Each structure stands twice: as structure tokens, then as C-alpha cells.
Amino acid sequence: MIKVTAAEAARMAIEEAMAADPTVIALGEEVADPEGGGIRKVTKGLSTRFGADRVKSTPISEQAIMGAAVGAAIAGMRPVAEIMLMNFMTLALDQLVNHAAKIRYMSGGATSVPLTVRTMTGAGRSLGGQHSDMVEAWLAHTPGLKVVVPSTPADYKGLLYSCIFDDDPCVFVENSIHLSARGDVPVGLHAIPLGKAHIVRPGADVTIISYGRPMDDVKKVAESLGEEGISVEVIDLRTISPLDEAAILNSVAKTKRAVIVHEAVRSFGVGAEIAARIHEHLFGELAAPVQRLGMPYTPVPFSSALEKTILWSPEKITAAIRKTLG
Amino acid sequence: MTDTTAHAAADEPDAGALLDIYKRAATIVLTDEKLRAVIRSGRLSTPYYSPRGQEIISAAMAVNLRKDDYVVTIYRGMHDHLAKGVPLKDLWAEYAGKAAGSCKGKGGPMHITHPDVGVLVTTGIVGSGLPIANGLAWASKIRQEDRVTVTNFGDGASNIGAFHESLNMASLWKLPVIFLCQNNRYAEHTRYDKGTSIERISDRAVSYSMPGVTVNGNDAIEMWRAARDAVARARAGEGPTLIEANTFRFHGHHMGDSGEYMAKGELEAAMIRDPFVALRQLIVARGAASDADLTAMEDALRTEIDEAAAYAFAAKYPEPEEALEDVYASAVS
Ligand SMILES: Cc1ncc(C[n+]2csc(CCOP(=O)(O)OP(=O)(O)O)c2C)c(N)n1
Ligand SMILES: [Mg+2]
């Protein structure tokens, strides 16, 4: 183990993947070393080590970036494309949704798109309405895409590595605050399976399901409620789609109570999908209605005073849990 | 008609190449004839964007390509598919939505894919093939293959942002890609000059520091020459070319298009200059083959096409479970 930032952990994953397999290539705005190795340095050193042909800085052309990644993937490469911010994904959605996600299906399996898209986002830095959005629910709503949201530096490494070697298009959502957070990261090969949730903390009274940056507070709340004698089981989804339904249902069948916490807007969100599945399978066994915590139905405001009010907090998480306990 | 005497003999396709172009074009023309007939009669229910009138472009490009070169095309792409060698039976079965189709009946005419002959992507989203072609070409470049990628699109597509992003990137990265714009003068119902602000699309290449040429795509020799030069340039690692091949579509945007948005006589004038007939006349005039030879070739092709159609109609539909297959390569339960 070494203690590094999530950005460095992601960099390690790409570097180790590139060293292991010559088909792994990277592209995106400013990802090569002459342009700084990415705005958060996640690709720093890679063009120097692996050559300018395999690590390419691109023009500011999101459609061309995503399209080139799709094409290279069809041709048998494993491209790792960086879309600087998740809001800029909107410009590349044709390539992602109409092509990357569907090409395998529409070709009857004749071609596939083993592509990884890294992108960064997250509220909490006063970046306002166009630089903060979590739109993972849009992507998870598209059959053919895999959507991964890591929450710890070790997971940044292990999940990104798995995305790169997965044969389907994966969107890997980095958090702009978390990228600077440090944690223990395994040295050498570290691959975490996609589509499998992580039971971070076992518990008996209530299940809390979350992913990404809110996980930090979820873990803290679980810990402090534990001191009060409330036993909280914590699930970190890691992969949004395909959703690890079995892990969720097994846990909630046991605890009979569930709280879902995500950063993204609550309405029509990932939490709604999870709540629906819990009700479909466990309706009669639930001791309380499922609680969902997410952003209100509003764009992300600039002012830090306002931004704080719309995001999750330990207090809101605690209140949601208490609500299920009656 | 091109002034053939003005060019050295080596600057023209030889008799063999001309006949090869003709055979590919005939396959397209006769397939189109049959497809329209079975759609009109109700035997086949499918969206169909006839490429008739544009067949020389694909045929003259294809004879300059290798089997392992990549082709990307659009919903109006049957000519590109057949010219590159998609087997008739696989194509017909896909049009019919059958399990034996090249995409197991899950893509249809707008998404024909056949990696064995280099047909890697067919898209129904205008302009979206160009960025993908860059990626295919980038992969070839990294692997140091001398493979060429051709991406076909219409005049309307040159107004999409992706066109401009792609030309810029291809030029910067010196990619072995050919942007082949089949300018049939209409985008759906919109006449060229009402949707496109420049007289010649090839002039847009200037902005991206790459060669841009406008040719009569209906002239086999002119088109062959432009294709040859662009392929040679790409294969030699010298970078991309934009070819604007002027042409006309004979059957409107799609089956059933009334064509009322076209000026009177415009279509008729184009049909009188049928590029397929013109090629036949050229071949016969040059003595590369006789009328009878060409008729015999067409008869054989017609039989092959009839067999492919019969095969497709007799083939089985996919099982219901097939609808859930191929969403993911590695499924997670
Ligand atoms: C992005 C997008 N916008 C609109 C359409 C609807 N549409 C289908 S074909 C077409 C016209 C395209 O014209 P052109 O590029 O000239 O190709 P042609 O059909 O003439 O071969 C349009 C607008 C589409 N398929 N994709
Ligand atoms: Mg057109």
C-alpha cells in the first residue's frame, strides 16, 4: 500500500494498463505531457513513457474525441478518453449513446466498443450550474453503457483498471474534490470487479446505499449511529449500471429498512430505480418506506451558502435513517 | 464526359478495373431495382434510402481499396456495402430482419456491419461516421498498418459540427482517412444551396489544411482517379483528403418520397445522364467488353440477387431471446 491521491491512483491504473497491453491508448483535451498531463494530472507522464501516438492531446472537440475513441475501440484498441467535465459529455452524447452503447447490439455482436470514458464532476466547489452536475442516471438509463462511480483512492485504481479491460463501454465518473483526497492504494495489479457492490460495513438495523463522494459522510454517520447502538449496513454501489441488485436485496431483506443517498438530483434518479426494485421484491417485508436523499430539483447554484443547502449532509443522512427507524 | 485523351494511359483505370467498377455498380443497380420492387409490392417492410444514381462513386472507390481497408457509411449506404463486398445473402437477410442477416436482424439497413470485408460502421445519425472513422484510422496508425479508412456521408452532413471537428483532428493527426462526401444536391427535402453556405464543399478542406477535390462522382474515370490519389496519399501516411463527389439520387430521400420539393425536370435531367448507362457506353466504346458480355454479366448477377432475396425471405426470424443478446459483451448478472 502507498498513500496517494485518487488522481494518482487513477493515473497508476492507466499507466499499469498501458504497460500491460499495447492496445491501451489515451486521448482527451490536454492529456499529453506538453499540455500538462491532464488538468488534474491523471495522465501525467504517460505520453512521455508510452509515446505521443498512444497518448494524444486533442482539440476542444468532444464529438471528435468520443468518436475517435469509439472508432479505435471498434478497431480493437482499448481507448481511455477524457471528457474534461461531465457537463461536457452533453456534446459527446451522440457518440456515447447512439454509437458506443449500441454498436455491439446493432451489429449483432460483430463489433464491440471496449472504451473507457473518464470524466470529472461534483458540486461543492462553487463552480455553478455548468461544471458540477452528476448525470450518471442519464447514462445508466442507456442499455449498453456501464457506469462506474468510485469513492476511495483504492477504488479509483481498481475500478478504473477493470473499466479499461472490460469489453464494453464504461463511463468512469471522477469527483473533483475526491481527486485530491488521499488514501491507501495497493501497489501493483489491483482490479475490482465491475457490477459488484461493496459492503463497506455490515449491520442489522438499516441499509444505507450510496456511491461517490457522499460515501464519506455515510460512513461517518454509520459509525456514530453505531455508537448509539443503531447498526447500519453500508453499501457502496461502485458500479451504477449494471446495478448489483442482489447485494441490495440481500441486505434490505435482512435489515428491512433502506436509505439511498446520492449527490445527483433526487427526481428520476438512481435512488428512484433502487427504491422501485426494493419495493418490487421486498414490499411485504419492509418495516418502513424507503428513503431517498438527493439534490432538490434545481441546477447547482454558485454561492457556497446555497450550494451547501442543496447537498447531502451528515445531518440529513442521520435524519433519513431515523425516519426509517420510526 | 471526361476528356480521356488529355490524360496519360496510366492515369486511367485499365479495362480490367473498368469492368470491375461496372460489375460492382451493376450489383448495386440490380439490387436496388429488386429492393424497390419487393418494398413497393409489400413483400418487404423496411426503411430504404435508395443510393441509385450514386453507385459509380462507391464502385470506383472500392476498386482502389483492399479488403482490409475500413469503410464507414450511412443509412443511404447499400452501394457502399455492396461495392466493398458485403455478401448479397447477408445483406438481404439483414434487410428482411432475419437471424441470418449480417447483424442477426438487429441492425437493419441503417446499421449494416460486416467486419470481414471492412464494413465496420453504418450509422443513421447524420455526420456521426466521421469522428468514428478518425478513431479507426488512428488505430491503424498506432499499429503501423497501411490500412485506409473511407467515411462516406452526404452534402447535408458537411453542415454538422462533427464534420468540422473531424476534419480538423484528422489533419492535425495526419490520419489515413478519406472523407468522401457524396453530394447528391439534397438533404432530405432541402436543396443544396438552401442548407449549405459554400458553393463547393471541397473548399471547406482549406480550413483544415488538407487537399479537397470536387469531382463528377458519376464519371467512373474521374471518380477512380480521385479515389486512387486519396488512397495513395492515406496509405503513404501523408494524411487525409476530402473528396466531394457530385451526383444525384434517383429515388428521392426514401421510398415514397414524392419529390415535390424538386424543380420540374431536375430529376429527369439527372436520370437522362444515368451514370451506370454512361459507364456501359464507355466500356463498349473502348472495346473493354461488348454489350453482350455486359448483358451476360448482368443476367448472372440478377440470378445471384434473386437467389439472395429468396434465401432471405425463406430464412428464419430471430428467436425472441435474441432481443436481449449482445447488449453487453461481458454481462453481469
Ligand atoms: C443528426 C441528424 N439530424 C437529422 C437527421 C434526419 N435526417 C436523415 S437524413 C437527412 C438528410 C441528410 O442529407 P445528406 O447528408 O445530404 O445525405 P443524403 O441523405 O442526401 O445521402 C436528415 C436531415 C438525422 N438522421 N440525423
Ligand atoms: Mg444529400
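Our structure is the block above this text.
Residues numbered from 1 in each chain as written. Chains lettered and ligands numbered in written order. Predicted model: local features only at pLDDT ≥ 70, side-chain atom pairs only at ≥ 80, totals over all residues. Heavy atoms only, no water.

1. So, the overall build of chain A
Next up, step 1: When helices and strands are counted, chain A shows twelve helices and 14 strands.
Next up, step 2: Taken against the 2.2 N^0.38 rule, which gives 20 Å for 326 residues, the C-alpha radius of gyration of chain A at 19 Å falls within 12% of a compact globule.
Next up, step 3: Over its C-alpha atoms, taken along the principal directions, chain A stretches across nearly 60 × 45 × 40 Å.
Next up, step 4: The proportion of buried residues among the 326 residues of chain A is 62%.
Next up, step 5: Partitioning the intrachain contacts of chain A with sequence separation of at least 6 by distance along the chain shows that 80% fall at a separation of at least 24.
Next up, step 6: Of the roughly 11600 Å² that chain A leaves accessible, carbon and sulfur atoms contribute 56%. (Helix = DSSP H or I, 4+ residues; strand = E, 2+ residues; numbered from the N terminus. Rg over C-alpha atoms; globule rule 2.2 N^0.38 Å. Buried < 20%, exposed > 50% of the residue type's maximum accessible area, 1.4 Å probe, protein only. Contact = heavy atoms within 4.5 Å. Areas by Shrake-Rupley, 256 points an atom, 1.4 Å probe, with all protein chains shown as cover.)

2. What about the sheet that holds strand β1 (residues 70–74) of chain B?
Residue and element names in this part refer to chain B.
Next up, step 1: The six strands are arranged β2-β1-β3-β4-β8-β7 in an open sheet whose pairing can be described as parallel. Unpaired on one side and paired on the other, β2 (119–123) and β7 (212–216) mark the two borders of the sheet. Each neighbouring strand pair of the sheet contributes to a mean axis angle of 20°, computed without reference to strand direction.
Next up, step 2: Looking at chain direction, β7 and strand β8 (residues 241–246) are connected through five bridges and run parallel. In the strand pairing of β8, V215 is matched with A245.
Next up, step 3: The strands touched by helix α2 (residues 55–62) are β3 (149–154), β4 (177–183) and β8; relative to β4, the strand with the most contacts, the crossing angle is about 160°. (Pairing = 2+ DSSP bridges. Axes fitted to C-alpha atoms, helices over the stretch in contact; angles between N-to-C directions.)

3. Remarks on the site of ligand 1
Residues and elements named next belong to chain B.
Next up, step 1: Around ligand 1, a shell composed of 15 residues is seen, among which Y75, R76, G156, N184 and Y186 lie nearest.
Next up, step 2: D155 has a polar side-chain atom sitting 3.0 Å from an oxygen atom of ligand 1.
Next up, step 3: Contact with the protein chains hides 72% of the accessible area of ligand 1, taken as 580 Å² for the molecule alone.
Next up, step 4: Residue classes in the shell around ligand 1 are distributed as seven nonpolar, five polar and three charged. (Near = heavy atom within 4 Å. Polar contact = N/O pair within 3.5 Å; in protein donor to acceptor, adjacent residues only side chain to side chain. Nonpolar A, V, L, I, M, F, W, Y, C, P; charged D, E, K, R; others polar.)

4. A closer look at the pattern of salt bridges
Next up, step 1: Under the definition given, this model contains 40 salt bridges over all chains.
Next up, step 2: Among the ionic pairs, K146 of chain A bridges to D168 of chain A, the shortest N-O distance being 3.0 Å. One end of the pair, K146 of chain A, is in strand β6 (residues 146–148); the other, D168 of chain A, is in the loop between α7 (153–165) and β7 (170–175), and 22 residues separate them in sequence.
Next up, step 3: In this structure, D274 of chain B and R52 of chain B form a salt bridge, with 2.5 Å as the shortest nitrogen-oxygen distance. Pair noted here: D274 of chain B is in the loop between α9 (266–272) and α10 (275–285) and R52 of chain B is in the loop between α1 (15–40) and α2, with a separation of 222 residues, a long-range link. Here the two residues D274 of chain B and R52 of chain B agree in accessibility, since each one is buried.
Next up, step 4: The network of salt bridges with shared partners includes D11, E12, R225, R228, D229 and R286 of chain B. (Salt bridge = Lys/Arg side-chain N within 4 Å of Asp/Glu carboxyl O.)

5. Some remarks on the sheet that holds strand β5 (residues 116–121) of chain A
All names here are of chain A.
Next up, step 1: Spatial strand order, β3-β2-β4-β5-β7-β6-β12: seven strands in an open sheet with mixed pairing. The two strands at the open ends of the sheet, each matched to only one other strand, are β3 (55–57) and β12 (239–241). With strand direction ignored, the average angle separating the axes of adjacent strands in the sheet is 20°.
Next up, step 2: Note: β6 against β7, three bridges, orientation parallel. By the bridge assignment for β7, K146 is matched with C170.

6. Here's the deal with the interface of chain B and chain A
Next up, step 1: Contact residues are listed per partner, giving 41 residues for chain B and 49 residues for chain A.
Next up, step 2: For the pairing of chain B and chain A, the buried interface totals around 3500 Å² over both sides, and the portion due to carbon and sulfur atoms is 65%.
Next up, step 3: Put simply, chain B and chain A have one salt bridge between them.
Next up, step 4: Among the ionic pairs, D326 of chain B bridges to R104 of chain A, the shortest N-O distance being 3.8 Å.
Next up, step 5: Inspection of the region where chain B meets chain A yields 19 residue pairs in polar contact (both at pLDDT 80 or more). (Buried area = accessible area lost by both parts, 1.4 Å probe.)

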